[in-house]
Amino acid sequence: MAGGGDGAPVGMRGDPGVPEGAPLLRARRLTRSYGGRRVVAVEDLDIHRGEVVAILGPNGAGKSTLFRLLLALERADAGEVLLDGRPLEPGDERARRRLVGVFQSPHLFSGTVRANLEFGLRAHDVPRGQWAHRVDRAARELGIGHLRDADVARLSGGEARRVALARGLVLEPDVLLLDEPTASLDVTVRRRFREELGLVMRQRAGSVVLITHDPSDAFDLADRVAVMEEGRIVQVGTPEELTTEPATAFVAAFTGAELLLDGVVERVGEGTLDVTTGGATLVARCPEGRLSPGDRVHVRYRPEDVVLTRSEDPDTSARNCLRLTVRSVTPAGGLVRVRLDGPVTLAALITRGSAERLGVAPGAEVSALIKTTALNVYLPEGA
């Protein structure tokens, strides 16, 4: 854990000279390289008061390095991190008292849970009269009240993760930074912990930066998501914006879209275009930028946007209606994933009830409907 709090109410410790609405934390033209390889190259990233921003990207995207730069744990090669408009430098204790970082591995000190929660309070000179109230509240909110006097050596992985988070929250930070908070937890524990984390973050932290490789964490917990690829922020938007209007093929794929097939543009119209892909021609939304007949493109879609009907009841008004054969049906949580073959190969996510009602089973014929707005078209990289 890094940083701390001074006991003032959350969100009330900003610089009075900063204009209202200005970002609380901001990274500008931030770069960092190791061994000649650029790991972070962030042009601009803003965190506003009271919001949760997720930094989402695959392993190796530079997320953890950005985490350390935002916490002023290491110095950038170029650019700056601003807290309330003022440059944040490594060793700036006044500024870092307003930031708390909770790392992926919960590095707890030997001793009791209570001693761990009191550590930061002591280090940051929080009046001792506030300790019991802060410790009890954080422990209760994170479901570890019964563990306050337990030895941390006896904690499970999920319990240790909660203690590490509580140790940060007792400091009442202006900005809480979390590095992969649900990593390494099993599916059941992760789901429950994510729900608890969402509630606690909103109630107890001023602003939150969430570093994660898991789109579920980002989409469930964040107001805005910044997608990171090879050290760069390639798109920032709400979860809905990233889902419906991914800016690049990488963003589309990383947030759950699938590659339909490579295709060729046949016609470009007013806001739409025709793409021949596989053995079918599909009408897709026309992306920004110039595309011309003959251009080779990637077409991506989200399986949940594929609507299935009985093959004998096709929707003749749909602009994209394909008669396909069910290849396989696989459980996917509360849904089923249906693989479809035909002029194109598709996947659909539908409810179990829909699958039963439509008689979806291997070998069955169905009609697959896809809205024009659900098909995203991209030029291949380097084109």
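Now for a quick tour of the structure.

So, how was this worked out
Residues numbered from 1 in each chain as written. Predicted model: local features only at pLDDT ≥ 70, side-chain atom pairs only at ≥ 80, totals over all residues. Heavy atoms only, no water. Pairing = 2+ DSSP bridges. Helix = DSSP H or I, 4+ residues; strand = E, 2+ residues; numbered from the N terminus. Contact = heavy atoms within 4.5 Å. Axes fitted to C-alpha atoms, helices over the stretch in contact; angles between N-to-C directions. Phe/Tyr/Trp six-rings, centres within 6.5 Å; stacked < 30°, edge-to-face > 60°. Parallel < 35°, antiparallel > 145°, perpendicular 65-115°, else oblique. Left-handed = near helix turned anticlockwise from the far one by under 90°. Nonpolar A, V, L, I, M, F, W, Y, C, P; charged D, E, K, R; others polar. Salt bridge = Lys/Arg side-chain N within 4 Å of Asp/Glu carboxyl O. Buried < 20%, exposed > 50% of the residue type's maximum accessible area, 1.4 Å probe, protein only. Polar contact = N/O pair within 3.5 Å; in protein donor to acceptor, adjacent residues only side chain to side chain. Patch = residues over 30% accessible without salt bridge, like charges linked within 9 Å, V, L, I, M, F, W, Y side chains within 5 Å. Areas by Shrake-Rupley, 256 points an atom, 1.4 Å probe, with all protein chains shown as cover. Lys, Arg positive; Asp, Glu negative; His and termini not counted. Charge placed at Lys NZ, Arg CZ, Asp CG, Glu CD. Expected span 1.5 Å × (residues − 1). Core = buried A, V, L, I, M, F, W, Y, C linked by side-chain atoms within 4.5 Å.

## What to know about the sheet that holds strand E2 (residues 25-34)
Here's step 1: Spatially, the four strands line up as an open sheet ordered E3-E2-E5-E6, and their pairing is antiparallel. Sheet topology places strand E3 (37-47) and strand E6 (86-87) at the edges, where each strand pairs with a single neighbour.
Here's step 2: Looking at chain direction, E2 and strand E5 (residues 78-83) are connected through five bridges and run antiparallel. Residue Arg-26 lies in a different strand from E5, and its bridge partner there is Leu-82.
Here's step 3: Sitting on the sheet, helix H1 (residues 63-70) is in contact with E2, E3 and E5, with an inclination near 125° to E2.

## What about the packing of aromatic side chains?
Here's step 1: In the structure shown here, the tally under the stated rule is three aromatic pairs.
Here's step 2: With centroids separated by 5.7 Å and ring planes inclined at 10°, the aromatic side chains of Phe-250 and Phe-254 adopt a geometry described as stacked. Taken together, the residues Phe-250 and Phe-254, both in helix H9 (residues 249-254) and four residues apart, mark about one turn of the helix.

## Examining the packing of helix H3 (residues 113-123) against helix H4 (residues 131-141)
Here's step 1: Running from amino to carboxyl end, H3 crosses H4 at an angle of 130°, the nearest separation of the two axes being 10 Å. Comparing their axes, H4 and H3 come out oblique. The way H3 lies across H4 gives a crossing that is right-handed. Contact residues: Arg-114, Leu-117, Glu-118, Leu-121 and Arg-122 in H3; Trp-131, Arg-134, Val-135, Asp-136 and Ala-139 in H4.
Here's step 2: A class-by-class count of the residues in the contact of H3 with H4 yields five nonpolar, no polar and five charged.

## Focus: the sheet that holds strand E12 (residues 258-268)
Here's step 1: Reading across from one edge, E14-E13-E12-E15-E21 is the order of the five strands in this open sheet, with antiparallel pairing throughout. In this open sheet, the two edge strands, each paired with only one partner strand, are strand E14 (280-285) and strand E21 (376-378). Looking at each pair of strands side by side, their axes are set apart by 45° on average, direction ignored.

## Topic: the pattern of salt bridges
Any two side chains of opposite charge can pair if their charged atoms end up close together.
Here's step 1: Scanning all chains against the criterion turns up 24 salt bridges.
Here's step 2: With its nearest N and O atoms 2.0 Å apart, the salt bridge here joins Glu-258 to Arg-337. Taken together, the positions of Glu-258 in strand E12 and Arg-337 in strand E18 (residues 335-341) put the pair 79 residues apart, joining distant regions of the chain.
Here's step 3: Residue Glu-258 is classed as buried on the basis of its relative accessible area of 17%.
Here's step 4: Since its relative accessible area comes to 26%, Arg-337 is described here as partly exposed.
Here's step 5: A cluster of three or more residues bridged by salt bridges with shared partners is formed by Arg-32, Arg-68, Glu-74 and Asp-77.

## Some thoughts on the side chain of Glu-172
Here's step 1: In this structure, Glu-172 sits in the loop between helix H5 (157-169) and strand E8 (175-179).
Here's step 2: Within the local environment of Glu-172, its side chain forms a polar contact with the side chain of Arg-137, the two groups lying 2.7 Å apart.

## Comments concerning a negative patch on the surface
Here's step 1: Together, Glu-240, Glu-241, Glu-245 and Glu-288 make up a region of like negative charge exposed at the surface.
Here's step 2: Mapping Glu-241 onto the fold places it in helix H8 (residues 239-244).

## Observations regarding the pairing of strand E13 (residues 272-277)
Here's step 1: Across the six residues of E13, five count as buried, placing the element largely inside the fold.
Here's step 2: Sheet topology places E12 next to E13; five bridges connect them, and they run antiparallel. Residue pairing in the sheet places Val-264 in a bridge with Thr-276 of E13.
Here's step 3: Between E12 and the antiparallel strand that follows it, E13, lie three residues; Gly-271 among them carries a positive phi value of about 80°.
Here's step 4: Here E13 pairs with E14 via six bridges, running antiparallel. When the sheet's bridge partners are listed, Thr-272 is paired in E14 with Arg-285.
Here's step 5: Remark: two residues form the turn of the hairpin made by E13 and E14, two consecutive strands paired antiparallel; Gly-278 in that turn has positive phi of roughly 65°.

## Quick word on the environment of Val-306
Here's step 1: On the secondary structure map, Val-306 appears in the loop between strand E15 (296-301) and strand E16 (307-310).
Here's step 2: Sequence-wise, Val-306 and Leu-82 are 224 residues apart; in three dimensions their C-alpha atoms are separated by 44 Å.
Here's step 3: Apart from the residues lying within four places of it in its own chain, the contact partners of Val-306 are Tyr-301, Leu-346, Ala-347, Ala-348, Ile-350, Ala-368, Leu-369 and Ile-370.

## Overview of the environment of Glu-381
Here's step 1: Considering the arrangement of structural elements, one finds Glu-381 in the segment after E21.
Here's step 2: Look at Glu-381 and you get exposed, because its relative accessible area is 73%.
Here's step 3: Separated by 239 residues in sequence, Glu-381 and Leu-142 place their C-alpha atoms 45 Å apart.

## Let's talk about H5
Here's step 1: Taking 1.5 Å of rise per residue, 13 residues should cover 18 Å, and H5 covers 19 Å from first to last C-alpha, within 8% of that figure.
Here's step 2: In terms of residue burial, H5 counts as a mostly covered element, since 11 of its 13 residues are buried.
Here's step 3: Among all positions of H5, only Gly-158, Ala-160, Arg-161, Arg-162, Val-163, Ala-164, Leu-165, Ala-166, Arg-167, Gly-168 and Leu-169 are buried.

## Notes on unusual backbone geometry
Here's step 1: With phi around 55°, Asp-84 is a residue other than glycine that occupies positive phi space.
Here's step 2: Looking at where Asp-84 falls in the secondary structure, it is placed in the loop between E5 and E6.
Here's step 3: Classification of Asp-84 by relative accessible area gives buried; the value is 3%.
Here's step 4: Phi angles above zero are rare outside glycine, and Asp-125 is one such case at about 60°.

## A word on the nonpolar core
Here's step 1: If you look at the biggest cluster of nonpolar residues, it comprises 47 residues, and the most contacted ones within it are Val-113, Ile-144, Leu-165, Leu-176, Leu-178 and Val-225.
Here's step 2: The next biggest cluster of nonpolar side chains, apart from the first, holds 34 residues, and it includes Leu-282, Leu-291, Leu-324 and Val-326.

By themselves, these observations are geometric and do not establish any function.
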